[in-house]
Amino acid sequence: LDTVEGTKLLNFGGSTLTVGGLITLAVILAITGALSWIVTRSIRRVRQSGNRKLQSLYVLEKLAGYAIIVVGGVVALTSAGLNLSSLAVFAGAIGIGVGLGLQGVVKEFVSGIFLIFDRMISVGDYIELDQTTRGAITEIGPRATRIRTNDNVNIIVPNSQLIESPVTNWTLKGDTRRIHIPFSVAYGANRAEVREAVLAAAKASPFTLPETDDRKSQVWLIGFGDSSLDFELLVWPSPDAVKRPAAMHAAYTWAIADALDNAGIEIPFPQTD
């Protein structure tokens, strides 16, 4: 057995790789992978067990995984009998070629590191890239970011796209935003009654945050249509409601329709004589 383990497989730069060294390399890499999985999974459980996902723990989870893999790889190569200093010239020679071939991968990896440390976009934020790509960030990986829509569709976006392209963050640092809900009433309706009825419905909605001096629900008269007075309800919903824009918009529209019906205010429709 000792003879087999001492069998030389490769001589390179003054270093000798034997069967025993190869076995040691494989064992240490396996332990490194298992340790990285255990540590990152433990941190993830702690991060997800609270009421909100902490960005600092997410950074720790990613960095711990990367650090364990890098350190384990170095220890594995050293334990296998390879002199890392002798590989420096070889690494430099092939580094240029590999770098040119994998520059896209390196670009996405570096972009992912920037996203992890940059607090403008964090895991759990609800973002919008365009009119069709909208959802919550569930993971920032080494190559791409995973976005889950409200229809439970996972969209994979390259990390660099989130840095180079405009991104709308609807819940930056857990905050909310004001939304506009348009509606119309027939000419002749009492505008004060319209405002009172719609404001009361908005305040009764479970989506609406309690009012403050800076954040109050309002009803604006924004225009005169061919057969209607055009209004907008401006309201500040909860951060959780902001992550469900379609459902939230439908709920407020339904509440406005009920409020106008209960107040006896007519909702107009086009008529042709």
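Procedures and definitions
The numbering scheme is per chain: residues are counted from 1 as the chain's sequence reads. Per-residue local features are limited, in this predicted model, to residues with pLDDT of at least 70; the limit for side-chain atom pairs, both in listing and counting, is 80 or more; totals at the level of whole chains, interfaces and linings are taken over all residues. Working from all heavy atoms in the structure, the side-chain values ignore hydrogens and water. Starting at the N terminus, helices and strands are each numbered in turn, a helix being any DSSP run of H or I of at least four residues and a strand any DSSP run of E of at least two. Helices are assigned an expected span. That span is 1.5 Å times one less than the residue count. Under the scheme applied here, a residue whose accessible area is under 20% of the maximum for its type counts as buried, over 50% as exposed, and between as partly exposed, the area being computed with a 1.4 Å probe on protein chains only. Contact definition: two residues touch when any of their heavy atoms are within 4.5 Å. The term polar contact refers here to a pair of N or O atoms within 3.5 Å; inside protein, the definition further demands a hydrogen-donor-capable atom paired with an acceptor-capable atom, and it admits residues adjacent in sequence only when both atoms are side-chain atoms. Residues enter patches when their relative accessible area tops 30% and they take part in no salt bridge; the joining distance is 9 Å for like charges and 5 Å for the nonpolar side chains Val, Leu, Ile, Met, Phe, Trp and Tyr. Using a 1.4 Å probe, the Shrake-Rupley method yields the accessible areas, and only the shown protein chains count as cover for residues. We count a salt bridge whenever a side-chain nitrogen from Lys or Arg sits within 4 Å of a carboxyl oxygen from Asp or Glu. Two aromatic rings, drawn from Phe, Tyr or Trp (for Trp, its six-membered ring), form a pair once their centres lie within 6.5 Å of each other, and the interplanar angle then sorts them: stacked below 30 degrees, edge-to-face above 60, tilted otherwise. Our definition puts a charge over a ring when NZ of Lys or CZ of Arg is within 6 Å of the ring centre and also within 35 degrees of the ring normal. Two strands form a pair only when DSSP identifies at least two bridges running between them. Note on geometry: axes are lines fitted to C-alpha atoms, helical ones only across the stretch in contact, with angles between N-to-C directions running from 0 to 180 degrees. The labels follow the angle: roughly parallel below 35 degrees, roughly antiparallel above 145, roughly perpendicular from 65 to 115, and oblique for the rest. Whether a crossing is left-handed or right-handed is set by the direction in which the near helix is turned from the far one by less than a right angle, anticlockwise for left-handed and clockwise for right-handed. Think of it as three bins: nonpolar holds Ala, Val, Leu, Ile, Met, Phe, Trp, Tyr, Cys and Pro, charged holds Asp, Glu, Lys and Arg, and polar takes everything else, Gly as well.

J.: What's the story with helix α7 (residues 191-204) in this structure? I'm lost.
T.: Since the α-helix advances by 3.6 residues per turn, residues separated by three or four positions end up pointing in the same direction. With 14 residues, α7 extends 20 Å from end C-alpha to end C-alpha; this agrees with the ideal 20 Å at 1.5 Å per step. For α7, every residue scored as buried is listed here: Val194, Ala197, Val198, Leu199, Ala201 and Ala202. Close packing links the buried residues of α7 with β8 (179-185), β9 (218-224), β10 (229-235) and α9 (245-262). The N-cap of α7, judged by a side-chain oxygen 2.9 Å from the amide nitrogen of alanine 192 a few residues on, is asparagine 190.

J.: What's the story with the environment of arginine 244 in this structure? I'm lost.
T.: Its location among the elements puts arginine 244 in the loop between α8 (239-242) and α9. Since its relative accessible area comes to 40%, arginine 244 is described here as partly exposed. Every residue in contact with arginine 244, bar those within four places of it in the chain, is listed here: Asn150 and Phe207.

J.: Explanation requested: a nonpolar patch on the surface in the structure shown.
T.: Together, Val106, Phe109, Val110, Phe114 and Ile163 make up an exposed nonpolar region whose accessible area comes to about 450 Å². When residues of the nonpolar patch are assigned to their parent elements, the largest contribution, 4 residues, is made by helix α5 (residues 103-117). Looking at where phenylalanine 114 falls in the secondary structure, it is placed in helix α5.

J.: Would you mind showing me how to read unusual backbone geometry here?
T.: For residues that are not glycine, phi is negative in most cases, and the peptide bond is trans in most cases. Notably, asparagine 152 is not glycine yet its phi reads approximately 65 degrees, a positive angle. With respect to the helices, strands and loops of the structure, asparagine 152 is situated in the loop between β5 (144-148) and β6 (154-158).

J.: Quick question: what am I supposed to make of the packing of aromatic side chains here?
T.: For any two aromatic rings, the description comes down to two numbers: the centre-to-centre distance and the angle of the planes. The final tally for this structure, using the stated rule, is 3 aromatic pairs. Look at tyrosine 126 and tryptophan 170: their rings are 5.5 Å apart centre to centre, the planes differ by 45 degrees, and that puts the pair in the tilted class. One end of the pair, tyrosine 126, is in strand β3 (residues 126-128); the other, tryptophan 170, is in the loop between β7 (168-169) and β8, and 44 residues separate them in sequence. We classify tyrosine 126 as buried; its relative accessible area is 2%. Ring centres of phenylalanine 207 and tyrosine 252 lie 6.3 Å apart, and the angle between their planes is 55 degrees; this geometry places the pair in the tilted category. Residue phenylalanine 207 is located in the loop between α7 and β9, and its partner tyrosine 252 is located in helix α9; the two are separated by 45 residues in the primary sequence. Assessed through its relative accessible area of 0%, tyrosine 252 is described here as buried. Taking NZ or CZ as reference, arginine 177 lies 3.9 Å from the ring centre of tryptophan 170, over its face.

J.: Even after reading the chapter, I still don't get the sheet that holds β5, so can you show me in this structure?
T.: Whether parallel or antiparallel, the strands of a sheet pair through hydrogen bonds between backbone atoms. Taken in spatial order, the 5 strands make up an open sheet running β6-β5-β4-β3-β7, and their pairing is antiparallel. In this open sheet, the two edge strands, each paired with only one partner strand, are β6 and β7. Bridging between strand β4 (residues 134-140) and β5 involves 4 bridges; their strand directions are antiparallel. The residue bridging glutamate 139 from the neighbouring strand is arginine 146, located in β5.

J.: When you look at the environment of threonine 145 in this model, what are you seeing that I'm missing?
T.: In this fold, threonine 145 is placed in strand β5. Considered as a pair, threonine 145 and glutamine 161 are 16 residues apart in the sequence and their alpha carbons are 9.5 Å apart. With sequence-adjacent residues up to four places away left out, threonine 145 is seen in contact with Leu115, Ile137, Glu139, Ile140, Ile155, Ile156, Val157, Asn159 and Leu162.

J.: Where do I start with the packing of α7 against α9 in this structure?
T.: Working note: a packed helix pair is described by the angle between its axes plus the distance between those axes. At a minimum axis distance of 9 Å, the contact between α7 and α9 shows a crossing angle of 135 degrees. Of the possible angle classes, the one that applies to α7 and α9 is oblique. Judged by the twist between their axes, the crossing of α7 over α9 is right-handed. Across the interface between the two elements, Val194, Ala197, Val198, Ala201 and Ala202 from α7 touch Tyr252, Ala255, Ile256, Ala259 and Leu260 from α9. Residue classes in the contact of α7 with α9 are distributed as 10 nonpolar, no polar and no charged.

So, to be careful, I would describe these as geometric facts and stop short of saying anything about function.
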